[in-house]
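Architecture at a glance
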Amino acid sequence: MKYVIGVDLGTSAVKTVLVDQQGKVAFEHSEAYPLSRPQPNWSEQNPEDWVKGTLESLRRLIEVSGVDPSQVDGISFSGQMHGLVLVDKDGKALRPAILWNDTRTTAQCRKIEQKLGKRLIEIARNRALEGFTLPKILWVQENEPEVLSQAELFLLPKDYVRYRLTGDYAMDYSDAAGTLLLDVGSKTWSAEIAEAFGLPVSLCPKLVESFDLTGTLLPEIAKASGLLPSTKVFAGGADNACGALGAGILGEGRTMCSIGTSGVVLSYESNKDLNLEGKVHFFNHGEKDAYYIMGVTLAAGYSLTWFKETFAADKSFDELLKGVDSIPAGSGGLLFTPYIVGERTPHPDANIRGSFIGMDSGHSLSHFTRSVLEGITFSLRESIEIVRESGKDITEIVAIGGGAKNEAWLQMQADIFNASIIKLESEQGPAMGAAMLAAYGSGWFTSLGECADAFIRSAEVYTPNAQQAAVYDGLFGLYQEVYGQTRALNDKLAEYRK
């Protein structure tokens, strides 16, 4: 039996999965690492923590599984997007990594928009948002010029880890698309954008496909991980691109909904010239010469975590969700907007904040819990509607992440999205996508589509209830009004949050 390993470098932990030739996960292991918030709106991590966590997770995976290292054909990666790692000529990280959920760069985003105007969307195909990489580079340029002057390259999180494992610098197209420095359609670094801000194009690493071989393990890394130096290492992809692979989103009209800390609606796209004017993200896929449309809810699962920790800290998630299926659609007139850390789609607004509307004395904890789930799902539907308006007929959606673990929430998604929701037999998300890239790169399959057919199997399908769907259609219209109605009030309240 042969195996591949998928490494998913997340925000709170690294997860490794050992996958056999039938797509079954033989073993998995996770290693957590800390997140630093040294100032308000800042979010940073030490890149060395990623390396240590990855090596420990690989070592434990091999040790516990008992697999002979010679049986492992290859490794590939999924990584948190947008995070900035600057390295010097010796490959040393010059400062802590600035992460995707760091929002210090509003001024730099406005600068990008003013400097590039409509050319930004034409080239990078995405709006300037605080989470993206270019605004972070400009922040360092303005606030830590001595750091940028020493930088030889910028890397994204998984690319730094892969460099430390192989000694090879590279970045795949799917992750590069989230930097605002890539010409997404032509798959080249944009000299026009880089030069507009006085950045040398040489700061950008070489570009590769997600399934490209980028080297083998360095001897000392092989020893620390329990693997062989001959183990092949493939480039990998952005977490959302790998999540799409792991959910089988490999054809026109295929769509997934991923609910983790953030929430993602992602739909396959083959037309590289599609321009949705920045309403949603438009990124390169892990599959060659393919793309995907993506909308993001910043606080999806995080909204539920925040609610539990604030109002029901003594309960487990299972206990908290136990009563929601007994509450009717609409939560008894209680509406929640999940803007607790700002929002991304369709409102790119770092300052908007969330709300409960319609509270009365008859509402119980279960009403509030259901309204949180409904609000998160309404937010995700806004992205689905944008995709539908682009001409796609979305009747089936693959659910992955935490939102795929609760039956009541899966049925709610079917009713709110008015589409069949497919739950997978083995849902490993981005880690499985990374493993698929290693399997395809290792020559197990002739295409990623063939790999998906072998690895991915449906377990259950949740179909929309027509009566519930009609109720949610009306509530969705009300939900859409909340942002505009509360925006001005939110600005006035902001001064009290300082």
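In this report, the structure presented in the accompanying data block is examined. No experiment lies behind these values; they were computed from the predicted model shown. Each chain has its residues counted from 1, following the order in which its sequence is written. Selection of residues for local features in this predicted model requires a pLDDT of at least 70, selection of side-chain atom pairs for listing and counting requires 80 or more, and totals for whole chains, interfaces and linings are taken over all residues. Calculation of side-chain values draws on the structure's entire complement of heavy atoms; hydrogens and water are dropped beforehand.

Examining the overall build of the protein chain
Test applied: The helix and strand labels rest on DSSP assignments: H or I over at least four residues marks a helix, E over at least two residues marks a strand, and numbering proceeds from the N terminus. Radius of gyration means the value over C-alpha atoms here, while the globule rule gives 2.2 Å times the residue count to the 0.38 power. Burial classes follow relative accessibility: with a 1.4 Å probe on protein chains only, a residue under 20% of its type's maximum area counts as buried, one over 50% as exposed, and anything between as partly exposed. Here, Shrake-Rupley sampling with a 1.4 Å probe gives the accessible areas, and only protein chains in the shown set may cover a residue. In this tally Asp and Glu are treated as negative and Lys and Arg as positive; neither His nor the chain ends contributes. Taken as the charge location is NZ of Lys, CZ of Arg, CG of Asp or CD of Glu.
When helices and strands are tallied, the protein chain shows 17 helices and 24 strands. Relative to its length of 498 residues, the protein chain is compact, with a C-alpha radius of gyration of 22 Å against a globular reference of 23 Å. For the C-alpha atoms alone, the extent of the protein chain along its principal axes is close to 65 × 50 × 45 Å. Out of the 498 residues belonging to the protein chain, those deemed buried represent 59%. Accessible surface, the protein chain: about 18900 Å² in total, of which carbon and sulfur atoms supply 49%. The protein chain carries 46 positive and 63 negative side-chain charges, and their two centres are separated by 3 Å.

A word on the packing of aromatic side chains
Under the convention used in this document: Classification of ring pairs rests on two measures: the distance between centres of Phe, Tyr or Trp rings, Trp counted by its six-membered ring, which must be within 6.5 Å, and the angle between planes, read as stacked under 30 degrees, edge-to-face over 60 and tilted in between. Criterion for a charge above a ring: Lys NZ or Arg CZ within 6 Å of the ring centre, and within 35 degrees of the ring normal.
Considering all chains together, one arrives at 18 aromatic pairs under this definition. Pairing W306 with F311 gives two aromatic rings, centres 5.8 Å apart and planes at 90°, and the pair type is edge-to-face. Of the residues examined, W306 reaches a relative accessible area of 26% and is grouped as partly exposed. Under the relative-accessibility criterion, F311 is labelled partly exposed at 49%. Taking NZ or CZ as reference, K187 lies 4.4 Å from the ring centre of Y173, over its face.

Let's talk about unusual backbone geometry
Here the bond from T345 into P346 is cis, since omega is 0°, no more than 30 degrees from zero. With respect to the helices and strands, the residue P346 is situated in the loop between strand 20 (335-337) and strand 21 (355-357). At D289, a position not held by glycine, the phi torsion is positive, near 55°. Within the element layout of this structure, D289 appears in the loop between strand 18 (281-284) and strand 19 (291-297). Of note in the backbone geometry, N418 takes a positive phi value of approximately 55° without being a glycine. A relative accessible area of 43% places N418 in the partly exposed class.

Some remarks on helix 17 (residues 466-494)
Test applied: Here the expected span of a helix is defined as 1.5 Å times the quantity of residues minus one. Only heavy atoms enter the contact rule, under which two residues are in contact if any of them lie within 4.5 Å. Here a polar contact is taken to be a pair of N or O atoms separated by no more than 3.5 Å, where protein atoms must pair a possible hydrogen donor with a possible acceptor and residues adjacent in sequence count only if both atoms sit in side chains.
Helix length check: helix 17, at 29 residues, gives a terminal C-alpha distance of 41 Å against a target of 42 Å (1.5 Å per residue), a fit within 8%. Within the span of helix 17, buried status applies to A469, Y472, L475, F476, Y479, V482, Y483 and N490. Structurally, helix 17 contributes buried residues whose contacts are with strand 20, strand 21, helix 13 (365-389) and helix 14 (407-417). Put simply, N465 is the residue that caps the front of helix 17, since its side-chain oxygen is 2.9 Å from the backbone nitrogen of Q467.

Remarks on the pattern of salt bridges
When charged atoms on two side chains of opposite charge get close, those side chains can pair. Selection criterion: When a carboxyl oxygen of Asp or Glu is within 4 Å of a side-chain nitrogen of Lys or Arg, the pair counts as a salt bridge.
Here the structure, examined in full by the defined rule, presents 30 salt bridges. The partner of D73 in a salt bridge is K2, and the shortest N-O contact between them spans 3.6 Å. Of the two residues, D73 is situated in strand 5 (residues 72-79) and K2 in the segment before strand 1 (3-9); the sequence distance between them amounts to 71 residues. By relative accessible area, which is 15% here, D73 ends up buried. Of the charged contacts, one joins D473 and R381 as a salt bridge, the two residues approaching to 2.8 Å between their closest N and O atoms. Of the two residues, D473 sits in helix 17 while R381 sits in helix 13, which places them 92 residues apart along the sequence. Look at D473 and you get partly exposed, because its relative accessible area is 38%.

Side note on the packing of helix 1 (residues 47-65) against helix 6 (residues 157-166)
Inclusion rule: Here the axes come from fitting lines to C-alpha atoms, over the contacting stretch only for helices, and the angles between their N-to-C directions go from 0 to 180 degrees. Two helices that cross are described as forming a left-handed crossing if the nearer one is turned anticlockwise from the farther one by less than a right angle, and a right-handed crossing if clockwise. Throughout, the ten residues Ala, Val, Leu, Ile, Met, Phe, Trp, Tyr, Cys and Pro are labelled nonpolar, Asp, Glu, Lys and Arg are labelled charged, and all others, Gly among them, are labelled polar.
The N-to-C vectors of helix 1 and helix 6 enclose an angle of 60°; their axes lie 10 Å apart at closest approach. Every pair of crossing elements has a handedness; the one defined by helix 1 and helix 6 is right-handed. Contact with helix 1, carried on its side by P47, E48, W50, V51, T54, L55 and L58, involves P157, Y160, V161, R164 and L165 of helix 6 and no other residues of that element. Of the residues belonging to the contact of helix 1 with helix 6, the class tally is nine nonpolar, one polar and two charged.

Side note on the environment of F197
Inspection of the secondary structure puts F197 in the loop between helix 8 (191-196) and strand 12 (207-208). Along the chain, F197 and L134 lie 63 residues apart, while their C-alpha atoms are 9.7 Å from each other. Beyond its immediate stretch of four places on either side in the chain, F197 contacts K111, I112, K115, L116, L134, L138 and Q141.

Side note on the nonpolar core
One broad rule of soluble globular proteins: the nonpolar side chains tend to lie buried together. Which entries qualify depends on this criterion: Take the buried Ala, Val, Leu, Ile, Met, Phe, Trp, Tyr and Cys residues and link them wherever side-chain atoms come within 4.5 Å; each set so joined is a nonpolar core.
Counting residues in each nonpolar core, the largest one holds 166 residues, and the members touching the most others are I5, F154 and F455. Ranked by residues supplied to this core, first place goes to helix 13 with nine residues. When sequence neighbours within four positions are dropped, the list of residues in contact with F455 reads V19, D20, Q21, Q22, G23, M432, M436, A439, W444 and F445.

Observations regarding the side chain of D172
If you trace the backbone, D172 turns up in strand 9 (residues 171-172). Note on D172: relative accessible area 0%, which makes it buried. Side chain to side chain, D172 and K158 meet in a polar contact 2.7 Å long. A polar atom in the side chain of D172 sits 3.0 Å from the side chain of S210. Residue contacts for D172: discarding those within four places in its chain leaves K158, D159, V208, E209, S210, A235, G236, G237 and A238.

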